[in-house]
Amino acid sequence: MPFRTRYTGLIDKYRDRLPVHDDTRIISLGEGNTPLVRLHNIPRMLGKDVDIYIKYEGLNPTGSFKDRGMTLAVTKAVEEGSKAIICASTGNTSAAAAAYAARAGITAFVLIPDGKIALGKLAQAMMHGAVVIQIKGNFDAGMQLVKEVGEDAPVTIVNSINPFRIQGQKTAAFEILEELGSAPDFHCIPVGNAGNITAHWMGYTEYHEHGIVNSRPRMVGYQAAGSAPFMRGKMVDEPETVATAIRIGHPQSWDKAWKVQKESNGWFDECTDETILAAQKLLAEEEGIFCEPASATSLAGAMQDIETGKIPEGSKIVCTLTGHGLKDPDTAIRQSAAPVKAVEATLEQVKAIILDNLK
Ligand code: AN7
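Numbers given for residues are sequential positions, taken from 1 along each chain in its written order. In keeping with the predicted nature of the model, local features appear solely for residues at pLDDT of at least 70, side-chain atom pairs appear and are counted solely at 80 or more, and the whole-chain, interface and lining totals rest on all residues. Only hydrogens and water are set aside when side-chain values are computed; all heavy atoms of the structure are taken into account.

## Considering the environment of Gln304
- Each helix is a run of DSSP H or I of at least 4 residues and each strand a run of E of at least 2, with the numbering of both proceeding from the N terminus. Mapping Gln304 onto the fold places it in helix H13 (residues 293-308).
- Only protein chains enter the calculation, and the probe is 1.4 Å; a residue is then buried if its accessible area is under 20% of its type maximum, exposed if over 50%, and partly exposed in between. For Gln304, a relative accessible area of 26% gives the class partly exposed.
- Between the C-alpha atoms of Gln304 and Val74, which are 230 residues apart in sequence, the distance is 38 Å.
- When sequence neighbours within four positions are dropped, the list of residues in contact with Gln304 reads Asp269, Glu270, Cys271 and Thr275. Here a residue-residue contact requires only that any non-hydrogen atoms of the pair lie within 4.5 Å.

## Observations regarding the sheet that holds strand E4 (residues 107-113)
- Any two strands with at least two DSSP-identified bridges between them are counted as paired. Taken in spatial order, the four strands make up an open sheet running E5-E4-E3-E6, and their pairing is parallel. Pairing within the sheet leaves two strands with one partner each, and these edge strands are strand E5 (131-135) and strand E6 (156-157).
- When strand E3 (residues 84-88) meets E6, the two strands line up parallel, connected through two bridges. Considered in E6, the bridge of Ile86 is made with Ile157.

## Observations regarding the packing of helix H9 (residues 195-209) against helix H11 (residues 254-264)
- Where H9 meets H11, the axes come as close as 9 Å, and the angle between the chain directions of the two elements is 45 degrees. In terms of axis orientation, H9 runs oblique to H11. The way H9 lies across H11 gives a crossing that is left-handed. In this structure, H9 uses Ile197, Thr198 and Trp201 to contact H11, whose residues at the interface are Lys256, Ala257, Val260, Glu263 and Ser264.
- The classification used treats Ala, Val, Leu, Ile, Met, Phe, Trp, Tyr, Cys and Pro as nonpolar, Asp, Glu, Lys and Arg as charged, and all other residues, Gly among them, as polar. Class assignment of the residues belonging to the contact of H9 with H11 gives a composition of four nonpolar, two polar and two charged. In this analysis an axis means a line fitted to C-alpha atoms, helices contributing only their contacting stretch, and an angle means the value between N-to-C directions, from 0 to 180 degrees. We call two directions roughly parallel when the angle between them is under 35 degrees, roughly antiparallel when it is over 145, roughly perpendicular when it lies between 65 and 115, and oblique otherwise. Handedness of each helix crossing follows the sense of rotation of the near helix against the far helix: counterclockwise by less than a right angle gives left-handed, clockwise gives right-handed.

Keep in mind these numbers describe shape, not what the thing actually does.
In structure tokens, the structure reads:
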């Protein structure tokens, strides 16, 4: 056959490892199969012998890893006859829910914290025709309401407390193992509700138990310092961080994530907003990779732990970049140098700027 079969999405690819039937109508936008990019310049700058790969989940159809879980959650909701889905969200879940609901022809209700959601995510939810309910409260308050609504209203909850979300998201670990041919030593990942760290561990564990690989990584979960319940050892009532995606104080997968930490012999740590933004900028400027602030927490944390030697030299590290940089244009523009002042449209003036800025 002259051409390879087209990639049609992760449910189709991993059908035998996911809870679907042969006649299940699959709701897909071609999610998954994201690039695993080896960093060149940052390890050199660190002056350490480490092999860092980033899993670029921002290249999913709606720009975040949420699509992996949403394709399965919405597929199962439709299979069960549901006509509507609902979620609370810091933004990315709402964008994914809105898009997959549109694809399925059902209604999406999304609860978002008023004023605390990145602009791109709000644009997505609105554009895909979700019913956007802004609440005067944070994600945790929204999540509480969604759980209460879900008890008697005919809507399916598609937050990561929906087990199909976790099942779909485990496929990211499958892809990493297939591409590397073995497990990395460390997997660094941002933690909010802790659904994704739980999902990755499930994926790594399944391939390990099937004898496809002979080891599993140590899982390292990083939180923003102002929203770090796993570091405080208890829930945080007023979480704050520039990384609005992980502005979560009451993680829904609390017990599961502690289990992952213990089983994988990993750990949790925290990063300040400054180090998160610095890592985001570094990735953009030194590697050409644009992710949103929350995503950069994985690299910010990994760099801290490489610096101290907690992640030793010689290690192979995968950092998940959970969402695309275009999700949050405001934060990107705020931390970048202003463009050169507008000049006359003459060759002379343009040339002068070029000569001034050649590296
Ligand atoms: C970019 O969209 O919770 O630890 O409501 O958007 O599995 O919660 C987003 C979470 C990391 C944390 N990076 O993942 C939501 C939401 C980005 C995110 C996380 C989120 P979990």
